[in-house]
Amino acid sequence: TAEPRAAAMAARRGGRAEEFLEDARWQDELSLPLRRRGGGKGASSSGRGSGMGGSSRGSGGTGNGWDGGRGRGGGSRGGSRGRGRGGGRGTPVEVMRHPWNGVGAMMKSYTKAISQCGKSKRWEEAVALLEQMRDERLNPDRIIFNATITACARAKKTHQALALLREMRRSRVAPDVITYNAAISACDTNSDEALGLFSDMQDAGLTPDKYTCSATISACTRGGRWKDALRLLEEIHRDGFACDVVAYSAALHACAKGNQWMKALRLFDEMANRGIDPDRITYNAAISACTKARRWEHVLALFCEMRRDWISPDVITYGETIGALARGGQWQKALDFFEEMQRCHIAPDAMAYNAAISACENSTHWRKALTFLDEMPKCQVQPNATTYNLVIKACHQGGASALADALLEEHQISGVGVGERERSRSSSCRSSHGNGDDMESSPRPRPVMLLSRSQRRSRSVRRRSDSQDEAAAGGGEGAGGTGNE
């Protein structure tokens, strides 16, 4: 087996086969038979050894290698029966550069390694492997270019993916549909590049498939160009290209961003006419478009139709529905949906809580809003600035201005931003109501503990020190008034 291997090495590395046969450094590699490379690290009771390609020395040794051969080693050189899983000392780069690999085996190894890097979004290593191929005087083919572009696309590296596509063309490797699909998906929010690639693909005589259409429409939607997304969908239908539920869902999201609820409903009906069954994402996009237009009747109709199609609503569906009912003044239905959501064991998120608190704001149920605010940290949901603004507004509209002032002060201490409208409303209520006499007609609920224990302790110490200073300055007359705070 030495002569054919020497000839292959000479063709790959340059030079004459006789030089490799006469060189002592290559004698062991040229005489080895082609076998499965098991482990890179070996351990035994009589000694410990390591080697590339699974050379485990010692009786009863075991080895771990990149190729993952399983079994117990017998101490033989080569480690063909080494036991291992991925991630031993023998890395993919070392295995691929080993001299006994032929060109075809090395190309397969590179393809496998680059694909593994793409699955784990390690695009830098994928590009480095591509550069290493050139150092080994190997010309990457279409499959390797596609795997590298896909690795960059999964990591949302638009510039690197497009640079690889240009390099692929310079290398006289013709891109195919998979290449363009990976490059378009890498564009993310760059809708101009996505539309340009879609046109280049047709100019090259390639027919876009379902993934091409959905990826281009999604790029236009994420880029804020909802008109281009809808226009592209019309062109796809006019040219007779295939279109699936993913493309329609992306177009419905474009309608929601552009506040085009009537177009969203027309697209939803068009799906049924074309025999495309909507999924949960499609329903959520249509409900979101109607929610932004304050069309709560259509939202309820879509919610009921979703259940008739045996599609279970998720937290996004409930959040959008509750928000639509709250905006439409249907606060009781909104709270009923929130309770139903909890009964279905669907954990509410910040959007669902904000929608429920907004319903309490419209109905002047400020105590219920405080209950939701107190419940959020217990459910591992972090209140945001919108949550605090809605609760403060609900307290003001319910006549609990003093409690709203206390909430505003606590949020300022905790570092949560509150809108200027709530600050101005709080200051105007303080000037008109004084020290909170408006709350004497209704009992004040237990204050919601929004600060941490250390913050409350430091705040209490600061209040006591301020009280003592004022008492010393005013001869003890202001101590009682300060303590009422």
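Residues numbered from 1 in each chain as written. Predicted model: local features only at pLDDT ≥ 70, side-chain atom pairs only at ≥ 80, totals over all residues. Heavy atoms only, no water.

A closer look at the overall build of the chain
Helices and strands together make up the secondary structure of the chain, namely 25 helices and three strands. Taking all 485 residues of the chain together, 44% fall into the buried category. Contacts spanning at least 24 positions in sequence make up 57% of the contacts within the chain whose residues lie at least 6 apart. As displayed, the chain has an accessible area near 25,000 Å², and 48% of this comes from carbon and sulfur atoms. (Helix = DSSP H or I, 4+ residues; strand = E, 2+ residues; numbered from the N terminus. Buried < 20%, exposed > 50% of the residue type's maximum accessible area, 1.4 Å probe, protein only. Contact = heavy atoms within 4.5 Å. Areas by Shrake-Rupley, 256 points an atom, 1.4 Å probe, with all protein chains shown as cover.)

Observations concerning the confidence of the model for the chain
When the pLDDT values of the chain are averaged, the result is 73; 63% of them are 70 or greater. Confidence drops under pLDDT 50 across residues 32-95; counting only partners more than four residues distant or on other chains, this segment forms 136 contacts. (pLDDT = per-residue confidence, 0-100.)

Remarks on the packing of helix H20 (residues 366-378) against helix H21 (residues 385-397)
Orientation of H20 relative to H21, taken along the N-to-C sense of each, is 155°, at an axis distance of 8 Å. One element, H20, and the other, H21, form an angle in the roughly antiparallel class. Here H20 and H21 pass one another in a crossing that is left-handed. Residues Trp-366, Ala-369, Leu-370, Leu-373 and Met-376 of H20 touch H21, and the partners they reach there are Thr-387, Tyr-388, Val-391, Ala-394 and Cys-395. (Axes fitted to C-alpha atoms, helices over the stretch in contact; angles between N-to-C directions. Parallel < 35°, antiparallel > 145°, perpendicular 65-115°, else oblique. Left-handed = near helix turned anticlockwise from the far one by under 90°.)

What about the layout of surface pockets?
One number sums up the size of the second largest pocket: a volume of about 370 Å³. Around the second largest pocket, the lining is made up of 16 residues, and of these Gly-323, Arg-327, Asn-354, Ala-355 and Ser-358 lie nearest the centre. In terms of residues, the lining of the second largest pocket owes the most to one element, helix H19 (residues 350-363), which gives six residues. (1 Å grid on protein atoms, 1.4 Å probe; cavity = no way out; pocket = protein on both sides within 12 Å on 5 of 7 lines; lining within 4 Å. Points joined across faces, edges and corners; volume = space filled by probe spheres on them.)

Some details on the environment of Glu-270
If you trace the backbone, Glu-270 turns up in helix H14 (residues 261-273). Judged by relative accessible area, Glu-270 falls into the partly exposed class, the value being 22%. Taking the C-alpha atoms as reference, Glu-270 lies 9.5 Å from Tyr-248; in sequence the two are 22 residues apart. Those residues within four positions of Glu-270 in sequence are excluded, and the remaining contacts are His-237 and Tyr-248. Among the polar contacts listed, one links the side chain of Glu-270 to the side chain of Tyr-248, at a separation of 2.9 Å. (Polar contact = N/O pair within 3.5 Å; in protein donor to acceptor, adjacent residues only side chain to side chain.)

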